[in-house]
Amino acid sequence: MNAPFQSTDAAASSDPRLPLQLLIAAPRGFCAGVDRAIEIVERALEKYGAPVYVRHEIVHNRYVVESLKAKGAIFVEELDEVPTDAPVVFSAHGVPKSVPAEAERRNMMYVDATCPLVSKVHRQAERQIEKGQHILFIGHEGHPEVIGTMGQVPEGQITLVETVEDVAKLPFTRDDKLSFLTQTTLSVDDTRELVEALRERYPQIVGPKAEDICYATSNRQAAVKKIAPASDLVLVIGAPNSSNSLRLVEVSERLGTDARLIQRADEIDPSWLEGVGTLGLTAGASAPEKLVREVVDRLSEWRAVSEETIMAAEENMIFKLPRQLTD
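Residues numbered from 1 in each chain as written. Predicted model: local features only at pLDDT ≥ 70, side-chain atom pairs only at ≥ 80, totals over all residues. Heavy atoms only, no water.

Some points on a positive patch on the surface
Inference 1: A contiguous patch of positive charge, built from R123, R127, K131 and K209, is present on the exposed surface.
Inference 2: Locating R127 in the fold gives a position in helix 5 (residues 116-130). (Patch = residues over 30% accessible without salt bridge, like charges linked within 9 Å, V, L, I, M, F, W, Y side chains within 5 Å. Areas by Shrake-Rupley, 256 points an atom, 1.4 Å probe, with all protein chains shown as cover. Salt bridge = Lys/Arg side-chain N within 4 Å of Asp/Glu carboxyl O. Lys, Arg positive; Asp, Glu negative; His and termini not counted. Charge placed at Lys NZ, Arg CZ, Asp CG, Glu CD. Helix = DSSP H or I, 4+ residues; strand = E, 2+ residues; numbered from the N terminus.)

Following this line, the structure appears as structure tokens:
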């Protein structure tokens, strides 16, 4: 374990409150794609003035969305809610091809904040279709990223696969030209199991050159794998509709450590800490560091907290902004 970046051991020795060892996962919180998406909305507000419309939540985090609303962003579900003369931003999760096509038909000014790693999957889907392959897409039905990726290819040429049981029900044969892609925010372990099932049933299936699960998702899951075995409980800061945050909860629970998903510190029930001497803490890729510190402060009201950062990987990824916001 790394040396504590903030130690309160001395204070704890004279503190009547019970001690609480806090293992904070690293990396955690914002990834490069989320940073970029938020900056795109902020830059659009600076360049075009308020209001700037955003189709769907720019990222899955209520705190982030409310902060951008306060600056003049208006969040809508569909383009028909956006005035033709107003700028609109597409969320980091990506959108079906029909959405920018509709924006262009209406001569709208739009900025695409799709994470570049999601865009990479979109391009792979197009190439696989060009090669005459039917795509088996591993993902969660209804998730915005899944809707966006499946909307990159003609209807009927991509099939969603969520479970190993789904693989067994697929109607294809070993003579069919098949390929697979995956949602970028899945469980690394679940996805590996699904890919193995697909390869076993369809030895001819073609996959991407590198896995589609993004570096941030993999790194945050690896960090939880480090803190969970040493923790009595793990708290994950993230939204209930955040795929990558939900996967962090699952990773901890699979290792035998209870985990709870919270959006803000005020959701923590003090009773959760009964019998807890070591608490793991992490945050999904859409949760800002401010919320992590908020949780630490709340825990410090009840217990004598000592902190230790557990590092799983270094991250230095930076994605460029769209040219229309930098010219």
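So, the sheet that holds strand 1 (residues 19-26)
Inference 1: Taken together, the five strands give an open sheet; going across it, the order is 10-9-11-1-12, and neighbouring strands pair in parallel fashion. Each edge of the open sheet is held by one strand with a lone partner, namely strand 10 (259-262) and strand 12 (304-311). Between one strand and the next, the sheet's axes are offset by a mean angle of 25°, whatever the strand orientation.
Inference 2: Across eight bridges, strand 1 lies against strand 12 in parallel orientation. Paired with L22 across the strands is E307, a residue of strand 12. (Pairing = 2+ DSSP bridges. Axes fitted to C-alpha atoms, helices over the stretch in contact; angles between N-to-C directions.)

Regarding the packing of helix 9 (residues 215-227) against helix 10 (residues 243-254)
Inference 1: Between helix 9 and helix 10, the shortest axis-to-axis distance is 9 Å and the interhelical angle comes to 30°. Judged on the interaxial angle alone, helix 10 and helix 9 are roughly parallel. Where helix 9 crosses over helix 10, the two elements pack in a sense that is right-handed. Where helix 9 abuts helix 10, its residues T217, R220, Q221, V224 and K225 lie against N244, R247, L248, V251 and S252.
Inference 2: Looking at the contact of helix 9 with helix 10 residue by residue, the class counts come to three nonpolar, four polar and three charged. (Parallel < 35°, antiparallel > 145°, perpendicular 65-115°, else oblique. Left-handed = near helix turned anticlockwise from the far one by under 90°. Contact = heavy atoms within 4.5 Å. Nonpolar A, V, L, I, M, F, W, Y, C, P; charged D, E, K, R; others polar.)

Thoughts on the packing of aromatic side chains
Inference 1: Scanning the model with the defined rule gives one aromatic pair in all.
Inference 2: For the ring pair F90 and Y110, a centre distance of 5.1 Å and an interplane angle of 20° mean the geometry is stacked. Within this pair, whereas F90 is found in strand 4 (residues 88-90), its partner Y110 is found in strand 5 (residues 110-112), the two being separated by 20 residues in sequence. (Phe/Tyr/Trp six-rings, centres within 6.5 Å; stacked < 30°, edge-to-face > 60°.)

A short note on helix 8 (residues 188-201)
The periodicity of an α-helix, 3.6 residues per turn, causes residues three or four places apart in sequence to face the same way.
Inference 1: With 14 residues, helix 8 extends 20 Å from end C-alpha to end C-alpha; this agrees with the ideal 20 Å at 1.5 Å per step.
Inference 2: Of all the positions in helix 8, only V188, T191, L194, V195, A197 and L198 are classed as buried.
Inference 3: Residues of helix 8 that are buried in the fold lie against strand 6 (134-138), strand 7 (158-161), helix 7 (164-169), strand 8 (178-182) and helix 9. (Expected span 1.5 Å × (residues − 1). Buried < 20%, exposed > 50% of the residue type's maximum accessible area, 1.4 Å probe, protein only.)

Thoughts on unusual backbone geometry
What is expected of a backbone is that most residues other than glycine have negative phi and most peptide bonds are trans.
Inference 1: Put simply, A26 and P27 share a cis peptide bond, and its omega is 5°.
Inference 2: Here P27 lies in the loop between strand 1 and helix 2 (32-48).
Inference 3: Following A50, the chain continues to P51 via a peptide bond in cis, the omega torsion being 0°.
Inference 4: By secondary structure assignment, the location of P51 is in the loop between helix 2 and strand 2 (52-55).
Inference 5: One non-glycine residue, H56, lies in the positive phi region at around 70°.
Inference 6: Positive phi, normally seen in glycine, also occurs at N107, with a value near 55°.
Inference 7: Locating N107 in the fold gives a position in the loop between helix 4 (98-105) and strand 5.
Inference 8: Overall, N107 belongs to the exposed group, its relative accessible area being 67%.

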